[in-house]
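Read off the chains here:
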Amino acid sequence: MDRRARRFLEELLRTPGPSGYEGAVQDLWRSYVGQFAKVERDVHGNQHATIRGRSPRQILFVGHADEIGLIVQYLDEEGFIYVRAIGGVDVGILPSQRVTIVNQKGHVRGVIGKRAFHLREKDGEDKNPRLEDLFIDIGASSRAEAQERVEIGDPVVFGGDFEPLGGQLATARNFDNRMGCFVVAEALRALSGQRKRPGFTVHGVSSIQEETGVWGAGTITSKLRPDAAVALDVTHETHHPAVKRQKFGDVRFGGGPVLTRGVRTNKVLLEEIRAAARKANIPHQMETDQGHTHTDADPISQRLEGVPVAVVSVPCRYMHTSCEVIHLGDLEKAVELLVAVSLQLDEKVNLTLR
């Protein structure tokens, strides 16, 4: 990965952006992509940029900008802060996490307090915490003092920023799905420098609010009216302890991007992607959908008269935790795959299923 891309990836991962509060992330994406393509924004905050193709047919590549998080719900008399969830938060991982509360005044650091085990009255107490019982400590001594720094509705993120691990593995709290925004942006950058124009006009999208209902990409689809779409997201890497591959599939780090095959995925578009991968010698893996991909592909597929969709994913361990892990080589191969598909697509391809 070149230095420019690496800096962009790390900055994306440092920037807080839970669902509904993606503005800073979208500003960063706009600034980066705007160096090689014109970026536009819709009323909800979706961003898109376009690389013109050899034909008027259009394909949409979309990664969602939002991450899971928390939202300030209540400040008690002693200055402790109570929260609700934004998206699919595993409450069991929250106690003793360090957090950042984000508002117009800046970033407020805090911790999710957990009673010391010495103070518990019996074994097993606090084993299954409820979110409404957890609290954030920002060092305030009263509600009035807390209100000087925090207000109801402020978003909260938890977990760490980007950090390399061994080999090509790296961890961050929000590879899901800042990684998808990165892949789309880098594919646009690569296509902007190609002498050969893509077969379809390519719209790259950084979408909003996937984690809280998988809907944001639907509205931009109605605006752009693409002939096809590919969602970029993470999927579960299954080669670590306590994961049943017979149930969740065989997906491993270093095997390349993962293609979804199943009920909702358009079979013709999938074969176009597989053919592009084989032609460009890009390793890839397979997984299934049983009618829902649980990605931006779902709302896109139901817009207009129906949009053919596919999903390209990057393997991720520990999804929706504070320490998600991916393989950076898989990330780079996902970019290469989008570029290869773009250059291969023929305007005459018939995506209508029989």
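Residues numbered from 1 in each chain as written. Predicted model: local features only at pLDDT ≥ 70, side-chain atom pairs only at ≥ 80, totals over all residues. Heavy atoms only, no water.

Caption draft 1: Summary view of the nonpolar core. The biggest cluster of nonpolar side chains holds 62 residues, and the ones touching the most others in it are Trp29, Val33, Ile59, Leu188, Val230 and Leu331. Val72, Leu75, Val89 and Leu94 belong to the second largest nonpolar core, which has 22 residues in total. (Core = buried A, V, L, I, M, F, W, Y, C linked by side-chain atoms within 4.5 Å. Buried < 20%, exposed > 50% of the residue type's maximum accessible area, 1.4 Å probe, protein only.)

Caption draft 2: Examining the packing of helix H1 (residues 3–14) against helix H4 (residues 175–192) more closely. Following both chains from N to C, one finds H1 and H4 inclined at 150 degrees, their axes separated by 10 Å at the closest point. Judged by the inter-axis angle, H1 sits roughly antiparallel to H4. Considering how the two elements wind past one another, H1 and H4 form a crossing that is right-handed. Of H4, the residues touching H1 (which contributes Arg4, Ala5, Phe8, Leu9, Leu12 and Leu13) are Phe175, Arg178, Phe182, Ala185, Glu186 and Arg189. Residue composition of the contact of H1 with H4, grouped by class: 8 nonpolar, no polar and 4 charged. (Axes fitted to C-alpha atoms, helices over the stretch in contact; angles between N-to-C directions. Helix = DSSP H or I, 4+ residues; strand = E, 2+ residues; numbered from the N terminus. Parallel < 35°, antiparallel > 145°, perpendicular 65-115°, else oblique. Left-handed = near helix turned anticlockwise from the far one by under 90°. Contact = heavy atoms within 4.5 Å. Nonpolar A, V, L, I, M, F, W, Y, C, P; charged D, E, K, R; others polar.)

Caption draft 3: View of the environment of threonine 15. Tracing the backbone through its elements, the reader meets threonine 15 in the loop between H1 and helix H2 (23–33). A relative accessible area of 13% means that threonine 15 is categorised as buried. In this structure the C-alpha to C-alpha distance between threonine 15 and glycine 34, which are 19 residues apart in sequence, comes to 18 Å.

Caption draft 4: Spotlight on the packing of aromatic side chains. With the rule as written, the count across this model stands at 7 aromatic pairs. Judged by centre distance (5.2 Å) and plane angle (70 degrees), the ring pair of phenylalanine 80 and phenylalanine 135 falls under edge-to-face. Linking phenylalanine 80 in the loop between strand E4 (69–75) and strand E5 (81–86) with phenylalanine 135 in the loop between strand E7 (106–112) and strand E8 (136–137), this pair joins segments that are 55 residues apart in sequence. Ring pairs connect the aromatic residues Phe8, Tyr32, Phe36 and Phe182, which therefore count as one cluster. (Phe/Tyr/Trp six-rings, centres within 6.5 Å; stacked < 30°, edge-to-face > 60°.)

Caption draft 5: Focus on helix H7 (residues 267–279). The end-to-end C-alpha distance of H7 is 18 Å, a good match for the 18 Å that 13 residues give at a rise of 1.5 Å each. Those residues of H7 that sit buried are Leu269, Leu270, Glu272, Ile273, Ala276 and Ala277. Along the axis of H7, the buried residues cluster in a sector spanning 160 degrees; they form a single face. In this structure asparagine 266 caps H7, since a side-chain oxygen of it lies 3.1 Å from the backbone nitrogen of valine 268. (Expected span 1.5 Å × (residues − 1). Arc of directions from axis to C-beta. Polar contact = N/O pair within 3.5 Å; in protein donor to acceptor, adjacent residues only side chain to side chain.)

Caption draft 6: Molecular detail of the layout of surface pockets. In this structure, the largest pocket occupies an estimated 700 Å³ of space. Taken together, 27 residues form the lining of the largest pocket, with Thr235, His236, Glu287, Thr293 and His294 sitting closest to its centre. Of all the secondary structure elements, the ones that give two or more residues to the lining of the largest pocket are strand E13 (228–236), helix H6 (245–248), strand E15 (285–289) and strand E16 (309–317). With 4 residues, E13 is the single largest residue contributor to the lining of the largest pocket. Taken together, the residues of the lining of the largest pocket break down into 6 nonpolar, 14 polar and 7 charged. Reported here for the second largest pocket is a volume of approximately 290 Å³. In this structure, the second largest pocket is lined by 19 residues; those nearest its centre are Tyr21, Val102, Asn103, Gln104 and Pro155. Elements represented by at least two residues in the lining of the second largest pocket include exactly H2, strand E6 (98–103) and strand E9 (155–158). In terms of residue count, E9 provides more of the lining of the second largest pocket than any other element does, 3 residues in total. (1 Å grid on protein atoms, 1.4 Å probe; cavity = no way out; pocket = protein on both sides within 12 Å on 5 of 7 lines; lining within 4 Å. Points joined across faces, edges and corners; volume = space filled by probe spheres on them.)

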